[in-house]
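# Structure at a glance
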Amino acid sequence: MKLENNTVLITGGTSGLGLGLAQALLKHNTVIVTSRRPAVIEQVTAENPGMIGYPVDVSDLASVEHLKETILNQHPTLNMVINSAGIMQNVNFFDATAPLSKEIETNLIGTINIDKVFLPLLAQQPEATLVNITSGLAYVASTAHPIYSASKAGVGALTEAIRGQANYFGHEKLHIIQVAPPLVSETNLNPTMHENGEKNPVNMKLTDFVAAVVKGIEKDKPIINPGPSKLLNIIGRFAPMGLRLRAMKGSMMTEFGKK
Ligand SMILES: NC(=O)c1ccc[n+]([C@@H]2O[C@H](COP(=O)([O-])OP(=O)(O)OC[C@H]3O[C@@H](n4cnc5c(N)ncnc54)[C@H](OP(=O)(O)O)[C@@H]3O)[C@@H](O)[C@H]2O)c1
């Protein structure tokens with residue numbers, strides 16, 4: 001889809017990948033960013049003239065329904081939704097005291113809520129795009145991030161099934177896209193993993209990531225695997241278990257220290 005004169009809603013648009021995409025699209029499109037903290041939304045929209053912001057908690061269906069009413073009233077031409085809201089925590093299943101984290105609620109149920117509420121609106125537009133952001137870790141689970149990896153594999157499956165439904169119901173001009181980022185350390189997602197992220201072989205610069213995603217959306221690519229995610233996809237499909245375990249062991253050393 002041509003990335004001009006669209007009305008774009010980006011969840012998690014106040015930080016990291018979502019904000020990078022919001023800034024790139026702002027020049028030629030109406031861009032609406034959302035996240036939970038109104039003070040951050042105010043700051044981001046003040047720093048990026050023309051950007052519009054509303055608060056939402058994607059894990060809360062009532063909050064998403066409320067956002068839909070605002071969008072219907074204020075921005076009825078909405079024709080692109082990018083699901084970038086997400087969290088990532090380290091979880092050690094062998095430590096009985098470790099708290100379980102909330103990635104299923106935010107990353108998986110949050111994406112389900114947004115897709116469910118906004119897809120019927122997108123389907124009414126002459127042309128529209130839905131982007132669900134997964135992760136290279138949807139292909140190869142990160143040892144230190146079991147719940148995160150499960151949430152992202154879930155979003156991958158969700159996206160494929162929704163694409164199938166759009167095809168089944170003849171929505172030819174509704175593009176359903178999965179973006180699986182590699183590590184992009186210039187964000188606030190996970191302080192320990194991102195600390196020395198630029199030394200990680202699967203790290204990608206934010207500007208390069210944004211350029212790859214913009215190009216992929218313009219070409220209506222169903223799956224966008226920017227930079228090192230191509231390799232993670234191949235490892236996930238074809239590598240034997242021993243290699244997969246070795247590839248992801250590094251995350252345990254970073255997050256929990258050497259044994
Ligand atoms: N950076 C990477 O290396 C990487 C790699 C693979 C995939 N990803 C995925 O890319 C997406 C963006 O991550 P990022 O690195 O840009 O992280 P980030 O800098 O921490 O940004 C996350 C954004 O999500 C918002 N958010 C979190 N929980 C929310 C909720 N319940 N409702 C609404 N908004 C919420 C945050 O704002 P508030 O806290 O104010 O709500 C923030 O705007 C995530 O889905 C992440 O899993 C990132």
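Residue numbering note: each chain is counted from 1, following its sequence as written. Per-residue local features are limited, in this predicted model, to residues with pLDDT of at least 70; the limit for side-chain atom pairs, both in listing and counting, is 80 or more; totals at the level of whole chains, interfaces and linings are taken over all residues. Side-chain measures were taken over the full set of non-hydrogen atoms in the model, leaving aside hydrogen atoms and water.

### Structural notes on the confidence of the model for the protein
pLDDT is a per-residue confidence score from the predictor, ranging from 0 to 100. Residues of the protein with pLDDT of at least 70 account for 99%, and the chain-wide mean is 95. Helix and strand definitions follow DSSP, with helices as H or I runs of at least four residues and strands as E runs of at least two, each counted in order from the N terminus. Considering each helix and strand of the protein separately, the mean pLDDT is smallest for helix α6 (residues 191-195), with a value of 78, and largest for strand β1 (residues 7-11), with 99.

### Focus on the pairing of β1
Most of β1 is tucked away, with five of its five residues classed as buried. Each residue is placed in one exposure class: buried if its accessible area under a 1.4 Å probe, protein chains only, is under 20% of its type's maximum, exposed if it is over 50%, and partly exposed if it falls in between. Neither face of β1 is exposed, since T7, L9 and T11 on one face and V8 and I10 on the opposite face are all buried. Pairing analysis gives five bridges linking β1 to strand β2 (residues 30-35), with the strands arranged parallel. Following the sheet pairing, I10 is matched in β2 by V33. With the strands aimed away from the viewer, a crossover counts as right-handed if its path from the first strand over the helix to the second runs clockwise. Taken together, β1, helix α1 (residues 16-26) and β2 form a β-α-β motif whose crossover is right-handed. Being paired, for any two strands, means DSSP has found at least two bridges between them.

### As for the site of the ligand
Residues are classed as near a molecule or strand on a simple rule: at least one heavy atom within 4 Å of it. Surrounding the ligand, one finds 29 residues, the nearest of these being S15, R36, R37, Y148 and T187. Two N or O atoms count as a polar contact when they lie within 3.5 Å, although within protein this holds only if one can serve as hydrogen donor and the other as acceptor, and sequence-adjacent residues are included solely when both atoms are side-chain atoms. Measuring from an oxygen atom of the ligand, one finds a backbone N or O atom of G12 at 3.4 Å. Residue-level accessible areas treat just the shown protein chains as cover; the underlying method is Shrake-Rupley with a 1.4 Å probe. Compared with its free state, where it exposes 890 Å², the ligand has 96% of that area covered by protein. Looking at the shell around the ligand, the elements with two or more residues in it are α1 and α5 (146-168).

### Side note on the layout of surface pockets
Considering only enclosed or pocket space, the second largest pocket measures out at about 250 Å³ in volume. Breaking the lining of the second largest pocket down by element, the ones donating at least two residues are α4 (103-123), α5 and β6 (174-179). Residue contributions to the lining of the second largest pocket peak at six residues, all from α4. When residue character is reported, Ala, Val, Leu, Ile, Met, Phe, Trp, Tyr, Cys and Pro are called nonpolar, Asp, Glu, Lys and Arg charged, and the others, Gly included, polar. Looking at the lining of the second largest pocket residue by residue, the class counts come to ten nonpolar, two polar and two charged. A cavity here means a set of points on a 1 Å grid, drawn over the protein atoms and nothing else, where a 1.4 Å probe fits but cannot get out; a pocket is an open set with protein on both sides within 12 Å along at least five of seven lines, and a residue lines either one if it has an atom within 4 Å of a point. Grid points are joined across faces, edges and corners, and a volume is the space filled by probe spheres set on the points.

### Some thoughts on the packing of helix α3 (residues 61-74) against α4
To obtain an axis, a line is fitted to C-alpha atoms, over the contacting stretch when the element is a helix, and the angle between two such axes runs from 0 to 180 degrees between their N-to-C directions. The interhelical angle for the contact between α3 and α4, taken along N-to-C directions, is 25°, at an axis separation of 9 Å. Judged by the angle between their axes, α3 and α4 are roughly parallel. Here the hand of the crossing between α3 and α4 comes out right-handed. From α3, L61, V64, E65, L67, K68, I71 and L72 reach across to α4, where they touch N113, I114, V117, F118 and L121. Counted by class, the contact of α3 with α4 contains nine nonpolar, one polar and two charged residues. The cut-offs work like this: below 35 degrees is roughly parallel, past 145 is roughly antiparallel, 65 to 115 is roughly perpendicular, and the gaps in between are oblique. Less than a right angle of anticlockwise turn of the near helix away from the far helix marks a crossing as left-handed, whereas a clockwise turn marks it as right-handed. Contact definition: two residues touch when any of their heavy atoms are within 4.5 Å.

### Regarding the packing of aromatic side chains
Here a Phe, Tyr or Trp ring, Trp counted by its six-membered ring, pairs with any other such ring whose centre lies within 6.5 Å, and the pair is stacked when the planes are under 30 degrees apart, edge-to-face when over 60, and tilted otherwise. Per the stated rule, a full pass over the model turns up one aromatic pair. Ring centres 5.1 Å apart and planes at 85° place the aromatic pair Y168 and F169 in the edge-to-face group. As far as burial versus exposure is concerned, Y168 and F169 are alike and both exposed.

### Some points on the sheet that holds strand β7 (residues 223-224)
Strand order in the open sheet formed by seven strands is β3-β2-β1-β4-β5-β6-β7, and the pairing between neighbours is parallel. Two strands lie at the open edges of the sheet, namely β3 (52-55) and β7, each paired on one side alone.

### A word on α3
Across its 14 residues, α3 extends 20 Å between first and last C-alpha, which sits within 8% of the 20 Å expected from 1.5 Å per residue. Of all the residues in α3, the buried ones are S63, V64, L67, K68, T70 and I71. Summarising the axial view, the buried residues of α3 lie within an arc of 165°, below the 170-degree limit, and thus occupy one face. Along α3, the residues that are exposed and aim more than 90 degrees away from the buried face are A62, H66 and N73. Considering only its buried residues, α3 is in contact with β1, β2, β3 and α4. The span one expects for a helix is its residue count, reduced by one, times 1.5 Å. Throughout, the arc means that of the directions going from the helix axis to the C-beta atoms.

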